[in-house]
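# Examining the three-dimensional arrangement
Listed here are the chains, written in short residue letters.
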Amino acid sequence: MAEIAQDRSVDLWAEWNDPVELRMRLDAALVEIAELREDNDRLKQLLRQRASAVGKRDLVDPDLIAAVPVNLPQDGLPYADASSPPSEKLALFKALFVGRRDVYATRFFSRKSGRHGWSPAEKEFWRKRDDAEREFLPLTDEVLIAHLSRPADERDSHVGLYPMLPDDTCQLLACDFDGAGWQGDAAAYADACTRAGIHTAAEISRSGAGAHVWMFFTEPVLAASARAIGMGLLREAIDRRGTMSLTSYDRLFPAQDSLPVKAAARFRFGNLIAAVARW
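For every chain, the first residue of its written sequence is number 1, and the numbers climb from 1 along that sequence. Totals for whole chains, interfaces and linings use every residue, but because this is a predicted model, local features are given only for residues with pLDDT of at least 70 and side-chain atom pairs only at 80 or more, for both listing and counting. The side-chain values count all of the structure's non-hydrogen atoms but skip hydrogen atoms and water molecules.

All right, on to the sheet that holds strand E6 (residues 210-222) then. In this scheme, strands are said to pair when DSSP sees at least two bridges between them. To qualify as a helix, a DSSP run of H or I must reach at least 4 residues; to qualify as a strand, a run of E must reach at least 2; elements of each kind are numbered from the N terminus. The antiparallel open sheet is built from four strands, whose spatial order is E5-E6-E4-E7. The sheet is open, and its two borders are formed by strand E5 (201-204) and strand E7 (249-253), each paired with just one other strand. In this sheet, neighbouring strand axes are inclined to one another by 20 degrees on average, regardless of whether the strands run parallel or antiparallel. Pairs of residues are marked as contacts when any of their non-hydrogen atoms sit within 4.5 Å. Only the stretch in contact is used when fitting a helix axis, every axis being a line fitted to C-alpha atoms; angles between N-to-C directions are given from 0 to 180 degrees. In this fold helix H7 (residues 182-195) packs onto strand E4 (169-178), E5 and E6, with an angle of close to 30 degrees to the strand it touches most, E6.

This is the structure we're talking about:
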């Protein structure tokens, strides 16, 4: 694998030394920047419309409601608080943290190699099989209950969600911050969402050195649209904070606009994100 990556980097270096190739890439980049600026202006206008509609729900355009994240305390979500029974808490969790139900990820640790990470949950994980023979496990209520109950062996029960649905839509968007300044930058992003009339949920990452800021949608939306909204809000946060840069911003989840259909089985579901565990 390292040799393949090295060969690819040599090929890329040769492309960057070609003036014609550089000119073509520059022209393409300039076109893309112009399109992104237009998208950014359009999203700012959309967010300003949403902000002006807060408190006037009866006057909001139904199409606009479907295009932006929901107001969490309303919109028909199941209700649950600290005193609610587990069944009601689980119902609220499932209504908010929507991802693929036919597959989920679990953490693994190899004592032999010392490697650790995430992988799709499957039957007989330790066996080497072709992709067509792998049997992935569904995300059931029992799996979520074990995840939320935080048993002693947390490593084996912590769930990773695949937020990208099979039709390239999603019902949530998470912005990941880590590195220097992540606390202030995550707060600035959450504030930008609030100013736009979008309620968010923030959590500190498992490592304790980062944060996820979540927003939720009333129905599936194209991942490309959700990510465009997230990037527009990120730009708004950068503009308002002044000192904010992209050094602490890691990525959005979903991390792609569409699923990689020709990838190996473990990568075919898109990027995963660790589900909220403190509920």
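So much for the structure itself; the text now carries on.
Moving on: the nonpolar core. Nonpolar cores are built from buried Ala, Val, Leu, Ile, Met, Phe, Trp, Tyr and Cys residues. Side-chain atoms within 4.5 Å join them into one set. Between buried and exposed lies partly exposed: a residue is buried under 20% and exposed over 50% of the maximum accessible area for its type, with that area taken using a 1.4 Å probe on protein chains only. Phe177, Tyr189, Met215 and Leu233 are the most contacted members of the largest nonpolar core, which totals 30 residues. Mapped by element, the contributors of at least two residues to this core are E4, H7, E6, helix H8 (223-241) and E7. Judged by nonpolar contacts, the second largest core, of 22 residues, contains Leu92, Leu144, Ile273 and Ala275.

On to the pairing of E4. Counting buried positions along E4 yields nine of ten residues, so the element is predominantly enclosed. One ladder, built from four bridges, connects E4 with E7; its direction is antiparallel. Looking at E7, one finds that Ala174 is bridged to Phe253.

Cis geometry marks the peptide bond from Phe253 to Pro254; its omega dihedral reads 5 degrees. Relative to the assigned elements, Pro254 resides in the loop between E7 and strand E8 (273-274). Not every positive phi belongs to a glycine, and Asp168 is a case in point at roughly 65 degrees. Inspection of the secondary structure puts Asp168 in the loop between strand E3 (159-161) and E4.

A few words on H8. An ideal rise of 1.5 Å per residue puts 27 Å on 19 residues; H8 measures up with 27 Å between its terminal C-alpha atoms. Where H8 is concerned, the buried positions are Ala223, Ala226, Ile229, Gly230, Gly232, Leu233, Leu234, Ala237 and Ile238. Just past H8, the residue Gly242 takes up positive phi, approximately 80 degrees. Given a helix with a known number of residues, its expected span is that number minus one, times 1.5 Å.

Here the focus is the pattern of salt bridges. A side-chain nitrogen of Lys or Arg and a carboxyl oxygen of Asp or Glu constitute a salt bridge if their distance falls within 4 Å. Applying the stated criterion across every chain yields a total of ten salt bridges. The partner of Asp141 in a salt bridge is Arg101, with the nearest N and O atoms 3.8 Å apart. Of this pair, Asp141 sits in helix H5 (residues 141-149) while Arg101 sits in the loop between helix H4 (86-96) and strand E1 (105-109), and the two are 40 residues apart along the sequence. What makes Arg101 partly exposed here is its relative accessible area of 36%.

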